[in-house]
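# Structural overview
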Amino acid sequence: MIRISDNRRFLINDDGSPFFYLADTAWELFHRLTREDARFYLRDRAAKGFNVIQAVLLAEFNGLTLPNAYGHLPLENGDPARPIDAYFQHVDWIVDQAAALGLYIGMLPTWGDKWNKKWGTGPEIFTPDNARVYGRYVGRRYRDKPIIWIMGGDRHVETEPHLAILIAMAQGIRDAGADQLMTLHPHGGHGSSESVHQQPWLDFNMWQSGHARRYNPNWRMIDGDYQLMPTKPTLDGEPWYENHPVAHGKQSIWCDEHDVRCLAYWAVFHGACGHTYGCHDMWGFTEPGWQPVATVRGHWFDSIHLPGARQVGYLKNLMLSRPYLTRIPDQSILIGDAGCESDHRAATRDGTVGQKDATYVMAYCPTPAAQALDTSVIAGAKLRVWSFNPRSSHARREREIDNAGRFHTDRSQVGPDRVIVIDDAARDYPPPGS
């Protein structure tokens, strides 16, 4: 099982090796898919490098009244204290299929409309008492499975009763002996740190940077969490989805793979312990003849092949190709204006804050603008410079140079974005991403 690293910034495996959280958003997985389709989906995501699948037990869209693919509802008369075993047997099967592929399930016990309707289907069915009973049930059922518990479900904690329900559900899971990591999925534009950072059951923070704004500066959200005490890992658990229209219906602009990459690199280079991808056509698993849950451009079995899903896997490989657990965000590497909106550049390195002990630096450049980099943070006398293509994962060795304390990129990059990787040449690191 995964756990928190000693420096409280990252996730690690039991053997101490890094676990880069790379999730896909599959909210309706348990509710809508047959076993055959679920197997197809999970195999595809495992092959693309994902290691977490975020899915909901009590789904958002008529999850209490519309049966799953095999005709089963999750609860008797919508009562959280009376779960129906047949429904959860299907969940069991998917969880086991995921485990066999090396995938964790980021399991939401319920969507948030069941405890804070605010909008959507609802109804609100949870109280602190039945939330604890339900938490014990799912905790006992999945305590020995590769699960990451994700409380909340796209709702903000607005009242004391809301918080009491979440605490009770989390406590129920813990009562059952389920000691896997736990976080909270908040409403759009918000983060778990705003409401439950001090809760002892919250192991790491999660943001939903949201879908209404292009080039949403999610790095500012990560920056804020990075300064909090106690120290906890953080990530963007729901950014703008690939194939999502701007502002829920203004369809002249759609999120594409470049948008996906920008949000992923910005968050990770500013200190996130991983990232979540999403595709607007896939989280609800829209099929021909189904009423779409929101504006979509295609069916899920076509959109599963969109390029952004594969390209976020290249980011994971890039980060793990260099010393990872000593990695820090360091925007001071960027000399001069780091840009904003679509041209925001971001930088990361290994080593100690305030010390010039790095063995590598990385800078993400989303546009072809030239950028000067401070290489004095690297102690080595010789530098090896690479250009990493985040669209193809191809790494090109540019040159080996003396460390003069500064390196200037040029504007000759091919394509809209690239990552500059500069190593201490004496370390003889492999090509980035390999």
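A few points on the structure.

### Remarks on empty space enclosed by the protein
- Taken as a whole, this structure holds two cavities of 30 Å³ or more when the rule is applied.
- Looking at the largest cavity, its volume works out to about 40 Å³.
- Every residue along the wall of the largest cavity is listed here: Pro 239, Trp 240, Val 260, Leu 263, His 275, Thr 276, Tyr 277 and Gly 278.
- Elements with a contribution of two residues or more to the lining of the largest cavity: α8 (257-269) and β14 (274-277).
- Ranked by residue count, the leading element in the lining of the largest cavity is β14, at three residues.
- Taken together, the residues of the lining of the largest cavity sort by class into five nonpolar, three polar and no charged.
- Taken together, Leu 108, Pro 109, Thr 110, Trp 115, Ile 150, Met 151, Gly 152, Leu 166 and Met 169 make up the full set of residues lining the second largest cavity.
- Going through the elements one at a time, β7 (147-152) and α5 (160-175) are the ones with two or more residues in the lining of the second largest cavity.
- Grouping the constituent residues of the lining of the second largest cavity by class yields seven nonpolar, two polar and no charged.

### Considering α8
- Between its terminal C-alpha atoms α8 stretches 18 Å, which fits the 18 Å expected from 13 residues at 1.5 Å a residue.
- Burial analysis of α8 places 12 of its 13 residues in the buried class, which makes it a mostly covered element.
- Among the residues making up α8, those that are buried are His 258, Asp 259, Val 260, Arg 261, Cys 262, Leu 263, Ala 264, Tyr 265, Trp 266, Ala 267, Val 268 and Phe 269.
- Two or three places before His 258, at the opening of α8, Asp 256 has a side-chain oxygen 3.0 Å from that residue's backbone nitrogen.
- Downstream of α8 by one or two residues, Gly 271 has phi in the positive range, about 120 degrees.

### What about the pairing of β7?
- Counting buried residues in β7 gives six out of six residues, a clear majority hidden from the surface.
- Every second residue of β7 is oriented toward a common face, with Ile 147, Trp 149 and Met 151 on one face and Ile 148, Ile 150 and Gly 152 on the other, all of them buried.
- In this fold, strand β6 (residues 104-108) hands off to helix α4 (residues 128-142), which returns the chain to β7; that crossover is right-handed.

### Quick word on the nonpolar core
- Formed by 112 residues in total, the largest nonpolar core has its most connected members in Tyr 21, Leu 29, Phe 30, Tyr 41, Met 107 and Phe 269.
- For this core, the element with the highest residue contribution is α8, accounting for nine residues.
- Leave out the neighbours within four places in its chain, and Met 107 touches Phe 30, Ala 55, Leu 57, Val 91, Val 95, Tyr 142, Ile 147, Ile 148, Trp 149 and Ile 150.
- Among the nonpolar cores identified, the runner-up in size contains 14 residues, and Ile 333, Ala 347, Ala 358 and Val 361 belong to it.

Cut-off values and rules
Residues numbered from 1 in each chain as written. Predicted model: local features only at pLDDT ≥ 70, side-chain atom pairs only at ≥ 80, totals over all residues. Heavy atoms only, no water. 1 Å grid on protein atoms, 1.4 Å probe; cavity = no way out; pocket = protein on both sides within 12 Å on 5 of 7 lines; lining within 4 Å. Points joined across faces, edges and corners; volume = space filled by probe spheres on them. Helix = DSSP H or I, 4+ residues; strand = E, 2+ residues; numbered from the N terminus. Nonpolar A, V, L, I, M, F, W, Y, C, P; charged D, E, K, R; others polar. Expected span 1.5 Å × (residues − 1). Buried < 20%, exposed > 50% of the residue type's maximum accessible area, 1.4 Å probe, protein only. Polar contact = N/O pair within 3.5 Å; in protein donor to acceptor, adjacent residues only side chain to side chain. Right-handed = clockwise from strand over helix to strand, strands pointing away. Core = buried A, V, L, I, M, F, W, Y, C linked by side-chain atoms within 4.5 Å. Contact = heavy atoms within 4.5 Å.

Keep in mind that these numbers describe shape and distance, not what the molecule does.
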